[in-house]
Amino acid sequence: MKKITCVLAAAFLTGTGALMAQGEMDAYKLSQKDMNGTARFMGMGGAFGALGGDVSVMSTNPAGLGVFRSSEIVTSVSLNMMNASSDFNGTNATGSKTRFNLDNFSYVGYFPTGNDEGIIGWNFGFGYHRAKSFDRTYRVSGRQSFSLADYAAAISYGINENDLIWIDGGYDPYNNRNLGWMSVLGYEAGYFGTNPGSSNNYHSGFGEWNNSGSKYKQDGDTEWLYYEPSNSTLTVSEKGGIDQYNFSFATNISNLVFLGATFAVTDMNYRMYSTYDETFGGSDNLYLDNSLATDGTGYAFNIGAIVRPADFLRLGVAYNSPTWYKLTDYYYAEAGTYIDGYYDNSGKHVPQYDAKTPEYNYSEYRFRTPDRWIFSAAGIIGQDALISVDYELSNFSNTRLYDADGYEWVDETDYIKQDFKSTHTLRVGAEYKVTPQFAVRAGGSWQSSSATSALQNGEYEIFTSGTVPHYTVDRGVSSYSVGFGYRFTRSFYADLAYVYREHRENAYLFSATAVDDNIKDINGNTVVVGSDPASLKDKAHRVALTLGYKF
């Protein structure tokens, strides 16, 4: 298997602060966008690349602003009900969250030139757009073969024990840039200890020495019987989002060609809080609590074109550039163990160990998302109906992470290239005017996973950031929507949409990893320490309302 090797998780990083910076799985998560916009846009599945005439196109194909024939002010709000369910080796768990959001507020100005041919008009737009919501809570609970303590011991192979020991008034292992923080925190919390006669080979703190009948065995005559957790529970709460501020312009050339461009400024705010607990026989247990905050800003641009070769047909193409971010992470973690049968070297009974990382830590880095191409077609059926299709292509292997000075993290780039591929998104929408004032709509959207099958199946070792061992792997997103719109007057209208969205993932409590000579089976073969994947489904119900005024 590709990455099951003896490698320190922080080996590619260049400074102490960087030891907590985001990894490839975090980069993928922060690259995602929601199908979000006005209620009309969502009610038609977001398939507006060739249609235009909606303020949401500033974030996709800004050429659609050229379709406007009047100025307009639009605002949208939504109620979001999210439920996450997991299946972990036959054990089910759920988490839920409900939020009210302001999704967008936009203005489009129309300035006609008075010409019948050539440049007929100019359109300028400004809009606030909620590009991504991170809000969700999920829980994974069940039984598996290995403990987080086994994982911490495995990734610490090769580290000299003296490098993990804090000296009052002197050495602080958290300031050693060659050490991963999970190793330091795990050692201080009693997750693992050294094997006999070794200063850099470790075993879990949960187990006992045995001379026979052990499932796993170390080199030599003595065997260590590893205890399996009777239950492992992870609870993760995420919140925040990516807010995008669009500055757009577009033009109409002879009602045949529409061109547009957008400059976007983004504001990222992400918060993650997680608790992880394992119980063993008796009163033995361990815990790990993590908090992570990511803040920063970025910029991007979109360009696009729409052509109308016939009155009934429109074709569109758009390029959405990467978003270039400058981000800062703030992080803190606490961990501990209770091992009833533990005695220190002096024979004193010391079952409880607690540890924490230094407070007020932060790391700065840069991040580039992948770009996107959108190809669109729309058919106008008489005066009352239309149908539209968008196809979006984005290659997530082009995601990049850099240090604060802009130097690329080469190893992390290699992991991203190997673990991710292109993702394909299909959006379809339709609208029918029942009366000149009342319209009904429906749509759907399907997005493939950009994770390789091996990554989805947990065959790779994933180097997560700092003391956060858990991660999720995308397995695809689908959404279905319906809606309607009503024009109260020539100027004032309202749209309503309902969207059902399902996001499928595999959730891992920690990565698969193995270290030479660390854990052996009874035949002397290296054992891969890893977490079983939990099947995770995020189901979201959204009701969106848009109010607009034309003038």
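Residues numbered from 1 in each chain as written. Predicted model: local features only at pLDDT ≥ 70, side-chain atom pairs only at ≥ 80, totals over all residues. Heavy atoms only, no water.

Trainee: What is the right way to look at the overall build of the chain in this model?
Mentor: Looking only at helices and strands, the chain has six helices and 25 strands in total. Expected size for 551 residues packed as a compact globule is a radius of gyration near 24 Å; at 27 Å, the chain falls within 12% of this value. For the chain, the proportion of its 551 residues judged to be buried stands at 56%. In the form shown here, the chain has an accessible surface area of approximately 22,300 Å², with 54% of it arising from carbon and sulfur atoms. Separation of charge centres in the chain, based on 42 positive and 60 negative side chains, amounts to 11 Å. (Helix = DSSP H or I, 4+ residues; strand = E, 2+ residues; numbered from the N terminus. Rg over C-alpha atoms; globule rule 2.2 N^0.38 Å. Buried < 20%, exposed > 50% of the residue type's maximum accessible area, 1.4 Å probe, protein only. Areas by Shrake-Rupley, 256 points an atom, 1.4 Å probe, with all protein chains shown as cover. Lys, Arg positive; Asp, Glu negative; His and termini not counted. Charge placed at Lys NZ, Arg CZ, Asp CG, Glu CD.)

Trainee: Help me understand helix α3 (residues 148–155) in this model?
Mentor: What sets the pattern is the α-helix's 3.6 residues per turn: residues three or four places apart point alike. In terms of residue burial, α3 counts as a mostly covered element, since eight of its eight residues are buried. For α3, the full list of buried residues reads Leu148, Ala149, Asp150, Tyr151, Ala152, Ala153, Ala154 and Ile155. Of the residues that open α3, the one with a side-chain oxygen 2.9 Å from the backbone nitrogen of alanine 149 is serine 147. (Polar contact = N/O pair within 3.5 Å; in protein donor to acceptor, adjacent residues only side chain to side chain.)

Trainee: Is there a simple way to think about unusual backbone geometry in this case?
Mentor: Positive phi values are uncommon outside glycine, yet asparagine 89 reaches one of about 50°. Of note, asparagine 89 is situated in the loop between β1 (72–88) and β2 (91–112). Unusually for a residue other than glycine, asparagine 255 sits at a positive phi of about 60°. Looking at the element boundaries, asparagine 255 is found in the loop between β10 (231–253) and β11 (257–279).

Trainee: Can you help me understand the pattern of salt bridges in this one?
Mentor: As a working rule, side chains carrying opposite charge can pair if their charged atoms are close by. Under the defined criterion, the tally for this structure stands at 19 salt bridges. For aspartate 26, the salt bridge is made with lysine 29, and the minimal N-O distance between the two is 4.0 Å. Here aspartate 26 pairs with lysine 29, and both are found in helix α1 (residues 24–31), just three residues apart, close to one helical turn. For lysine 29, a relative accessible area of 24% translates into the label partly exposed. Between glutamate 505 and arginine 136 there is a salt bridge, with its nearest N and O atoms 2.6 Å apart. (Salt bridge = Lys/Arg side-chain N within 4 Å of Asp/Glu carboxyl O.)

Trainee: Teacher, can you tell me more about the confidence of the model for the chain here?
Mentor: One rule of thumb: low pLDDT means the predicted coordinates there are not for detailed reading. Residues of the chain with pLDDT of at least 70 account for 91%, and the chain-wide mean is 89. Mean pLDDT across the elements of the chain bottoms out in strand β8 (residues 216–217) (44) and peaks in strand β13 (residues 313–320) (98). Taken as a whole, residues 1–19 scores under 50 in pLDDT and shows 55 contacts with residues more than four places along the chain or in a different chain. Considering only residues more than four positions removed or in separate chains, one finds that residues 212–221, a stretch of pLDDT under 50, has 30 contacts. (pLDDT = per-residue confidence, 0-100. Contact = heavy atoms within 4.5 Å.)

Trainee: Please clarify how the packing of aromatic side chains should be interpreted in this entry.
Mentor: Two numbers describe a pair of aromatic rings. These are the distance of the centres and the angle of the planes. Tallying each qualifying case throughout the model produces 29 aromatic pairs. For the pair phenylalanine 438 and phenylalanine 484, a centre-to-centre distance of 5.8 Å together with 45° between the ring planes defines the contact as tilted. Here phenylalanine 484 lies in strand β22 (residues 471–487) and phenylalanine 438 lies in strand β21 (residues 438–447), a separation of 46 residues in the sequence. One aromatic cluster is present, built from ring pairs that chain together Phe301, Tyr319, Trp373 and Phe375. (Phe/Tyr/Trp six-rings, centres within 6.5 Å; stacked < 30°, edge-to-face > 60°.)

Trainee: Before we go on, may I ask you to explain the pairing of strand β3 (residues 119–133) in this structure?
Mentor: Look at any regular strand and the pattern is simple: side chains alternate between the two faces of the sheet. Burial analysis of β3 places 11 of its 15 residues in the buried class, which makes it a mostly covered element. Here β2 pairs with β3 via nine bridges, running antiparallel. Note on β3: the bridge partner recorded for serine 106 is glycine 127. With antiparallel pairing between neighbouring strands as the criterion, β2 and β3 make up a hairpin whose turn holds six residues, including glycine 114 at a positive phi of roughly 85°. With 13 bridges joining them, β3 and β10 adopt antiparallel strand pairing. Counted as the bridge partner of tyrosine 128 is tyrosine 245 from β10. (Pairing = 2+ DSSP bridges.)

Trainee: What is the right way to look at the side chain of aspartate 243 in this model?
Mentor: Looking at the secondary structure, you find aspartate 243 in strand β10. Only 2.9 Å separates the side chain of aspartate 243 from the side chain of arginine 130, close enough to count as a polar contact. Each residue touching aspartate 243, except ones within four places of it in the same chain, is listed here: Tyr128, His129, Arg130, Val265, Thr266 and Asp267.

Trainee: Quick question: what am I supposed to make of the environment of serine 491 here?
Mentor: As for its placement among the helices and strands, serine 491 is situated in the loop between β22 and β23 (492–508). For serine 491, the contacting residues outside a window of four places in its chain are Gly548, Tyr549 and Lys550.

Trainee: I'm lost on the environment of glycine 64 in this one. Help?
Mentor: Take glycine 64: it is sitting in the loop between α2 (39–43) and β1. Glycine 64 sits 195 residues away from leucine 259 along the chain, and the two C-alpha atoms are 7.8 Å apart. Apart from the residues lying within four places of it in its own chain, the contact partners of glycine 64 are Gly52, Gly53, Val57 and Ile306.

Trainee: What is the right way to look at helix α4 (residues 181–188) in this model?
Mentor: Counting buried residues along α4, seven of its eight residues qualify, which places the element largely inside the surrounding structure. Of all the positions in α4, only Trp181, Met182, Ser183, Val184, Leu185, Gly186 and Tyr187 are classed as buried. Next to the buried residues of α4 lie α3, β5 (192–194), β12 (285–310), β14 (324–338), β15 (352–356) and β16 (361–368). Glycine 190 lies just past α4 and shows a positive phi near 80°.

Trainee: Can you walk me through the side chain of threonine 337 in this structure?
Mentor: Within the secondary structure layout, threonine 337 lies in strand β14. Judged by its relative accessible area of 1%, threonine 337 is buried. Among the polar contacts made by the side chain of threonine 337, one reaches the main-chain carbonyl oxygen of alanine 189 at a distance of 2.7 Å. What threonine 337 contacts, discounting residues up to four positions off in sequence, is Ala189, Gly190, Tyr191, Phe206, Asn285, Leu286, Pro351, Gln352 and Tyr353.

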